[in-house]
Each structure stands twice: as structure tokens, then as C-alpha cells.
Amino acid sequence: MTRSRFFFNSSVIRQNLRQHGWIGIIYTLGLMFFLPLQMFLSGNPNAEPEKVESLFGIGGDMQVFFIATLPVVAGLFLFRFLQSKPSSDLWHSLPLRREHLLAAHAWSGLILLLLPVWLTAAVTAIVAPLDGNRYIYQGAEVWEWCLTVTILTLFLFVFTAFVGICTGQTILQGVVVYILLVLPSALLMLTGMHLNRYLYGYSGGYNDEYRMVNWSPVLQIVRLSNAYDKVSTGEKWIYFVITLLVIMLSFVLYRKRHSEKAGQAIAFTYFNPLFKAGVMFCTMLVSVSYFGNVKPQQTGWLIGGCIAGALIGYVVAEMIIRKTWQIMTRRVFADFAAYTILLGLLLYVPVTGITGYESRVPAADKVTAAYAGSNFWMLTEPGQGPMEVQNRPYEEKEVFNEDKSYIEAVRKLHQALVTVRPGEEERSLGNSIGNRQFSIAYQLKNGRQMLRSYWIPSAGFEPELKAIMENKEFKRNEYMLSRLGDNVESLRISNISKAVSISDPQEVKEFKEILKREILNMSYEDQLDNRVSKASIQTIGKPDEKGYQLYYGYEWKPSYHELEGWLAEKGYADKIRTQAQDVESAEIIKDGYIDKLDAASRNNIERHFDLARSEGLAAVTKDKKIIGDILGKERYYSGKTGEYVVKMKYKYGEVTYISLRKQDLTPAIKSLLP
């Protein structure tokens, strides 16, 4: 009974409620205004009530702003007595043990914060069936909102109190709380950028940025305003367990905290090295990332940036710890050098070849299945939000190929890549001239997965790429053939201003089967062919239970002769493909002007034409036969010096630029050239 009375000391709690009750009032008014009241104020009054799956989307960002800030504010004010010397002396002179004092303040905060949450949830449930409520929701949505906000509020308040015990200044406490709540995501993102830039073959995830946000409680709360983002059940348990751990740690540390530490930056001196190293590591990561971006591959700038970041971090950390800008002592230089060397090694060692990461290719007898291609993340990771259904991942067995010959082909490509190490130039050129980014993944016998990512140039790896790209399983994954299943309801085929729709079920079925055969029959050369597609193909899926329709895109490539024959037979081909009659004129030049233009104009193709015209080296034709020849050979504009560029002006006002190679020139086109 006595223990219960002291752990729930009513006098302390009453005093806290009298002094800090305004926090609970503001929290109540804020949540009430941005949830139940908004249900009657926002939205179109003449529209039908809108069904919502998450109450966090009502009230916009302000609702999540209150949830992310008021628990921290409560923690700052309720534990202000730890940071102020007079208050600290007063409270610690009371005949209460420290754990009783901490428990009473914690109970005060929970009363101030949780009652508004539960009251708001109750009102939200009560007003659900009332006329004038512009949203439709069930009790499950209210329960989900109440449970999520309760757990997040508990976590933020308890964590703020814990930081308050470890620090000695209220302002620093607030700053550190938000830094620590964002730090996991920031560190993961900066580390990922660092590894991606300097570790050859490192593969960042398709949804890395999205996943990293989940490591920051603050960012995750902010993202809740998107109605499609939720805190999962597993994440709620994690927050709850962390909250319990933080509470226990708070009781342990508070018993050891000296009241004289009020006003100091860090209450426990053994945290100082960790604080200093943490600040320096973050500033070094930021600095290295910045200089690596603006001065890539320049070692001097990278080392200088690393030292500059270390210096900034060291000075800031020292000034905070000592509470003065006068930090110069005889030990400063040795201390700074020691931290910089250790943290520099922490940054450098993982991106060197010491670990064997860059050259590691698994032995054939350790691999059970392999994948190579550019869609690994699309195939294995779901998207987010309403697009989730569009990015629904394959089953793992569909992505990996267990064929021994295919595994060996992937290994050979991998071995060639780690030997030759193409990279920076291809990365900078992107996909513009046939370079491609491939993910290489292995399913290993020990149950683990090995994943790498490389930029592969258009030349130099033809045998290795051909062995992979002509495999039918590769083409199924690379061209998403599973998307051509029974769920496709209709098709839309379009080309510039022309379009046709195919909705007859039998025709849709025939089209899909032919398209699959065409893709599976493509040779290595067909896949690399940069001739202009004759049209874009869009599949339109049947609406699912939520009304979402899936859309996927394919191409009508010039090599699809069976498909072209089917479209011609059905009368669709001439309605879609570009014909000479559609083109008003074609102007052709031989491109070689990039060195004659300043850097700002080199990618402006019209400037190339201006120079050619000024030199009398541009030719214009309206001859339908020549235009027909050009349409039969046209390639995507490449920007390569020495190739021919054609400016196509269509009758309906469209202008496009295409490329022709020397071997594409027919006698008629050659006769046109100046």
C-alpha cells in the first residue's frame, strides 16, 4: 500500500496538473479540432461522404504535428526541474525517493497526454453516424487511430524524459530528442550513399529511402498524414518494447544522476566520448558525401572534406560539452587527431577491398539459383500506397532461375565485371547509349542471398550478356510477362497522336499470346536494337475490390513481325503506325557540332541544326518516298557524333528528332544529302 502510494504520489501529480495542465488542454483542443471537428468542416459539402481507411488523413499535417510535438513538450516541461538548479534542489529535498519522484512525474505526463487521446477517440466514434459528417469509417479505424496515437505518445514522452535525465539543459534536451529520433534514418541514408558511391557493386534497395524513413519515429509520424501509410502491428510492438526498456533505463540512470549536473550539457561524463564521436561521424559523413558529389574521384577533395567535417563536428561537440567556445587546450590536437583517425578508418575500411566484398563471386556449388536483370527490386519488393498493387512482388521462386547453365552464365558475367570493373563513366552516361544497370543476385545454399549492382557498358561484355539475355526466364522477368495474365481487361495502343483500343476478350487474348511469343523470341540484338518503336502498348487491368486498375506498358518493336501481321489483319496497324503522309517534312544533317558549341548548348539539338543550316549542310525534303525510307530506319536520337539526325515535322504540329546510322541511308536518302 505504501509502495503504491509513493509510486503514485497524488500531491506531486496534483501539483503537476495545476502547473502544466495547459499542455493537456492544448493537446485536447488540437486533436479535437483536427479530427472530429474537421469531419464536419472539411470536404465538399455537396459531395457524398468519403470512405476513409485511416483517420490520420483527416486534418492534414497539423494532426500529426500535434502528435509529434505535444508529448515532447510535456516531457520538456515536466522534467524541467532536472535542468534548473533551484528546482532541482527543491524537488530533491522532498522526502521522496528518486524512483517515486520519477514515477509521479511520469504519471502526470501520461494523464495530461493520454486522456486527450482517449477523449478524442471517444468523440470521433460518437459522431461517426451523425448527419453532416463527411467521412465514413468504422470502429476499427477509431481503435487503430487510438492505439497508434497512444503508443506513439507514450514513446515520445518517455523518450523525452530519458533524454532529460541524460542532459542538463532543457533546450539541449529538446534538440537532442529530435536529433536522436531522426538520426537512425539519416545515418542509414548517409551510410548507404557512402557505400553506393565508393563500394564497387554495392546495391542499394529500390525502396531504401522509403524503408529508412521507418527507422525514424518522427518521420514515420509525419508520413501518417498520407492515408495509405500506417504503423504496422509489428512496429507498434517495437515501440512498446522500446518504451518499456527506456522506462527501466530511466529509473536506473536517474538513481545515479547527480543533482549538481543541472545546467551541464551531458549529465554523465562517460557519455561524452560517445557524443563527440557521434557528432564527428555525422559531420564527416555529410562532408564526404557532399565533396564526393561535387568533386567525384578527386582524392584530395575527399580527404580534405573528411578532415573539414571532422573539425566542424569536434568543435561543435566540444563547445556543447564545455559550454564555451574557448576549447583550446594542450590536449585538443591529440584528441582531435585520435578521433579523426579512428572515425576515418571507420569510413574508409568498408569501401576498400580488404573485406573482399568487391571481388567476391560465389562458387557454383554454393549457389542454388541466380538472377540477373534490371527489375530485381520491382519484382521482389512491394510498392507503397495506392500503387502497391501495381508493384506487387513476384514470388521468390519466379525471380530466381535454378537452371545450372543460367547460374553459370550469371557467374561468368559477374566474374567479368569484377575483373574489368566498368563503372563511373557508364554510370554518368546512364542508359543513353545502351548502357544498362543490372542487379545480380544469388540464392545461396546456406539460405542467404547475395546481391550486387553494376553499370554495364554497351560494348565489351557481349558474350556474357548474350548468354543471359537470350534465356527465356530472363525475358519473363525483364519484360514482366506475368503482367500479361488473365487480369488484363483491355488494351490501348498509341503512337504520337494516334490510338486504338482493343476490348474484345478474344482479341485481347490473341494479342497477349502473340506479344508474349514476340518477347520470348527476341534475340540479343533485338533487345539492344535502338530502332524507334512503332507504338506503345498499355494493358488495362480489371478493377480490383478497391476499384484500382493496373496499367502496364510494353512496346511494339520493329522486330515484332507476327504482331504487326495480326494488327494489319484486324485493321489496327494503319490506324496506329506513322506513315509518310503523316509527316509534313524531314530535315537531315550529319551531326558533328558538339565541339563547336559551348557547354550550355551542346545538348540543344536545335542549335546543331542552326549551325548546319548556316554552313549549308542541312537538307529538307517533303518527298514521301524518302520520308518512308526514313521511317523504316529511324532510331532513337543518340547524340553521337557522325550519326545523321533528322528533324521530323508532323502535320499535326508534333516535332521529333531521330537518328540514322550510315548503314541506314538508302540511295534516295543519300541523294538528298548536300
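Rules used throughout
All residue numbers refer to position in the chain's written sequence, counted from 1. Whole-chain, interface and lining totals are the exception, using all residues; otherwise, since this is a predicted model, local features are given only for residues with pLDDT of at least 70 and side-chain atom pairs are given and counted only at 80 or more. Here the side-chain values reflect all heavy atoms present in the structure, with hydrogen atoms and water set aside. Here the nonpolar core consists of buried residues drawn from Ala, Val, Leu, Ile, Met, Phe, Trp, Tyr and Cys, with membership extended through side-chain atoms lying within 4.5 Å. Between buried and exposed lies partly exposed: a residue is buried under 20% and exposed over 50% of the maximum accessible area for its type, with that area taken using a 1.4 Å probe on protein chains only. In this description a helix means any DSSP run of H or I spanning at least four residues, a strand means any run of E spanning at least two, and both kinds are numbered starting from the N terminus. Contact between two residues is taken to exist if any of their heavy atoms lie within 4.5 Å; hydrogens are not considered. Criterion for a disulfide: a pair of cysteine sulfur atoms at a distance within 2.5 Å. Take a side-chain nitrogen of Lys or Arg and a carboxyl oxygen of Asp or Glu: if they are within 4 Å of each other, that pair is a salt bridge. Aromatic pairs are defined between Phe, Tyr and Trp rings, using the six-membered ring for Trp, whenever the two ring centres lie within 6.5 Å; interplanar angles under 30 degrees are classed as stacked, those over 60 as edge-to-face, and all others as tilted. Note on geometry: a ring has a charge over it if NZ (lysine) or CZ (arginine) is within 6 Å of the ring centre and within 35 degrees of the ring normal. Lines fitted to the C-alpha atoms define the axes, with helices restricted to the stretch that makes contact. Angles between their N-to-C directions range from 0 to 180 degrees. Here roughly perpendicular refers to angles of 65 to 115 degrees, roughly parallel to angles under 35, roughly antiparallel to angles over 145, and oblique to all remaining angles. The handedness criterion is simple: a crossing whose near helix is rotated anticlockwise from the far helix by less than a right angle is left-handed, and one whose near helix is rotated clockwise is right-handed. In this classification, the charged set is Asp, Glu, Lys and Arg, the nonpolar set is Ala, Val, Leu, Ile, Met, Phe, Trp, Tyr, Cys and Pro, and all remaining amino acids, among them Gly, are polar. For every residue, the pLDDT score states the predictor's confidence, bounded by 0 at the bottom and 100 at the top. Strand pairing is defined by DSSP finding a minimum of two bridges between the two strands. Within this analysis, patches are made of residues with over 30% relative accessible area and no salt bridge. Like charges are joined at 9 Å or less; nonpolar side chains (Val, Leu, Ile, Met, Phe, Trp, Tyr) at 5 Å or less. Per-residue and other accessible areas follow the Shrake-Rupley method at a 1.4 Å probe size, with only the shown protein chains counted as cover for residues.

Focus on the nonpolar core
Turning to step 1, where the next piece is worked out: Counting 72 residues, the largest nonpolar core has Tyr-27, Met-39, Leu-55, Phe-79, Tyr-137, Trp-145 and Phe-157 as the members making the most contacts within it.
Turning to step 2, where the next piece is worked out: Breaking this core down by element, the ones donating at least two residues are helix H2 (10-34), helix H4 (60-78), helix H6 (98-126), helix H7 (139-166), helix H8 (170-198), helix H10 (217-223) and helix H11 (233-256).
Turning to step 3, where the next piece is worked out: Setting aside residues up to four positions removed in sequence, Phe-157 forms contacts with Pro-71, Ala-74, Gly-75, Leu-78, Phe-79, His-105, Ala-106, Gly-109, Leu-110 and Leu-113.

Examining the environment of Gln-506
Turning to step 1, where the next piece is worked out: For Gln-506, the position within the fold is in helix H21 (residues 505-520).
Turning to step 2, where the next piece is worked out: Exposure remark for Gln-506: the relative accessible area of 45% places this residue in the partly exposed category.
Turning to step 3, where the next piece is worked out: Sequence separation between Gln-506 and Arg-476 is 30 residues, and the spatial gap between their C-alpha atoms is 23 Å.

Here we look at the state of the cysteines
Turning to step 1, where the next piece is worked out: A complete count under the given rule lists zero disulfides for this structure.
Turning to step 2, where the next piece is worked out: Considering cysteine sulfurs only, Cys-306 is the nearest to Cys-282, which forms no disulfide, with 13 Å between them.

Re the pattern of salt bridges
Turning to step 1, where the next piece is worked out: Summed over the entire model, instances satisfying the criterion amount to 28 salt bridges.
Turning to step 2, where the next piece is worked out: Asp-574 is the partner of Arg-577 in a salt bridge, and the nearest nitrogen-oxygen pair spans 3.0 Å.
Turning to step 3, where the next piece is worked out: The partly exposed category is assigned to Asp-574, whose relative accessible area is 48%.
Turning to step 4, where the next piece is worked out: In this structure, the salt-bridge partner of Glu-615 is Lys-596, at a minimum N-O distance of 3.4 Å. With Glu-615 in the loop between helix H25 (605-614) and strand E11 (619-621) and Lys-596 in the loop between strand E10 (583-590) and H25, this pair connects stretches of sequence that are 19 residues apart.

Focus on the packing of aromatic side chains
Turning to step 1, where the next piece is worked out: With the rule as written, the count across this model stands at 26 aromatic pairs.
Turning to step 2, where the next piece is worked out: Taking 6.5 Å as the distance between ring centres and 40 degrees as the angle between the ring planes, the aromatic pair formed by Phe-159 and Phe-162 counts as tilted. With Phe-159 and Phe-162 both in helix H7 and three residues apart, the pair spans about one turn of that helix.
Turning to step 3, where the next piece is worked out: Overall, the relative accessible area of 15% leaves Phe-162 in the buried class.
Turning to step 4, where the next piece is worked out: Between Phe-609 and Tyr-657, the ring centres sit 5.8 Å apart and the planes meet at 50 degrees, which makes this aromatic pair tilted. Here Phe-609 is found in helix H25, whereas its partner Tyr-657 is found in strand E14 (residues 655-660), with 48 residues between them in sequence.
Turning to step 5, where the next piece is worked out: Exposure remark for Tyr-657: the relative accessible area of 24% places this residue in the partly exposed category.
Turning to step 6, where the next piece is worked out: Chaining the aromatic ring pairs together yields one cluster made of Phe-33, Phe-34, Phe-65 and Phe-66.
Turning to step 7, where the next piece is worked out: Taking NZ or CZ as reference, Arg-98 lies 5.1 Å from the ring centre of Tyr-254, over its face.

Brief notes about the packing of helix H12 (residues 272-294) against helix H14 (residues 332-348)
Any two packed helices are characterised by how steeply their axes cross, that is the angle between the axes, and by the distance between the axes.
Turning to step 1, where the next piece is worked out: At a closest axis distance of 10 Å, the pairing of H12 and H14 adopts a crossing angle of 55 degrees. When the axis of H12 is compared with that of H14, the two are oblique. H14 is crossed by H12, and the crossing has right-handed handedness. Where H12 abuts H14, its residues Pro-273, Lys-276, Ala-277, Met-280, Phe-281, Met-284, Leu-285 and Val-288 lie against Asp-335, Phe-336, Tyr-339, Thr-340, Leu-343, Gly-344, Leu-346 and Leu-347.
Turning to step 2, where the next piece is worked out: Residue classes in the contact of H12 with H14 are distributed as 12 nonpolar, two polar and two charged.

Examining the confidence of the model for the protein chain
Turning to step 1, where the next piece is worked out: The share of residues in the protein chain with pLDDT of 70 or more is 93%, and the mean pLDDT across the chain is 85.
Turning to step 2, where the next piece is worked out: Every residue in residues 385-391 is under pLDDT 50, and counting partners more than four places away or in other chains gives 19 contacts.

Description of unusual backbone geometry
Turning to step 1, where the next piece is worked out: Of note, the phi angle at Met-480 is positive, near 50 degrees, even though the residue is not glycine.
Turning to step 2, where the next piece is worked out: Among the structural elements, Met-480 can be located in the loop between helix H20 (472-478) and strand E6 (488-495).
Turning to step 3, where the next piece is worked out: Its identity as a non-glycine residue notwithstanding, Ile-496 has a phi of 55 degrees, on the positive side.
Turning to step 4, where the next piece is worked out: Structurally, Ile-496 can be placed in the loop between E6 and strand E7 (498-502).
Turning to step 5, where the next piece is worked out: Given the relative accessible area of 39%, Ile-496 is considered partly exposed.

Side note on the sheet that holds strand E8 (residues 535-541)
Turning to step 1, where the next piece is worked out: What the four strands build is an open sheet, ordered E7-E6-E8-E9; its pairing is antiparallel. Two strands in the sheet have a free side with no partner beyond their single neighbour: E7 and strand E9 (551-556). Pairwise comparison of adjacent strand axes, ignoring direction, gives a mean angle of 20 degrees for this sheet.
Turning to step 2, where the next piece is worked out: By the bridge criterion, five bridges tie E6 to E7 in an arrangement that is antiparallel. Each bridged residue has a counterpart across the sheet, and for Leu-491 the counterpart in E7 is Ile-502.
Turning to step 3, where the next piece is worked out: Set on the sheet, H21 makes contact with E6, E7, E8 and E9; between it and E6 the angle comes to about 65 degrees.

Thoughts on the sheet that holds E11
Turning to step 1, where the next piece is worked out: Taken in spatial order, the five strands of this open sheet run E11-E10-E13-E14-E12, and their pairing is antiparallel. Only two strands of the sheet have a single partner each, and these edge strands are E11 and strand E12 (635-636).
Turning to step 2, where the next piece is worked out: Inspection of the sheet shows E10 paired to E11 by three bridges, in the antiparallel sense. The partner of Ala-586 across the bridge, within E11, is Thr-621.
Turning to step 3, where the next piece is worked out: Packing against the sheet, H25 makes contact with E10, strand E13 (644-650) and E14, and its axis sits at approximately 105 degrees to E13.

Focus on the environment of Ser-250
Turning to step 1, where the next piece is worked out: Counting through the fold element by element, Ser-250 comes out in helix H11.
Turning to step 2, where the next piece is worked out: Between the C-alpha atom of Ser-250 and that of Gly-164, which follows or precedes it by 86 residues, the distance is 9.5 Å.
Turning to step 3, where the next piece is worked out: Other than its neighbours up to four places away in sequence, Ser-250 contacts Leu-102, Phe-162 and Ile-165.

Brief notes about a nonpolar patch on the surface
Turning to step 1, where the next piece is worked out: Taken together, Trp-237, Phe-240, Val-241, Leu-244, Leu-245, Ile-247 and Met-248 make up a surface patch of nonpolar side chains, about 660 Å² in accessible area.
Turning to step 2, where the next piece is worked out: For Leu-244, the position within the fold is in helix H11.

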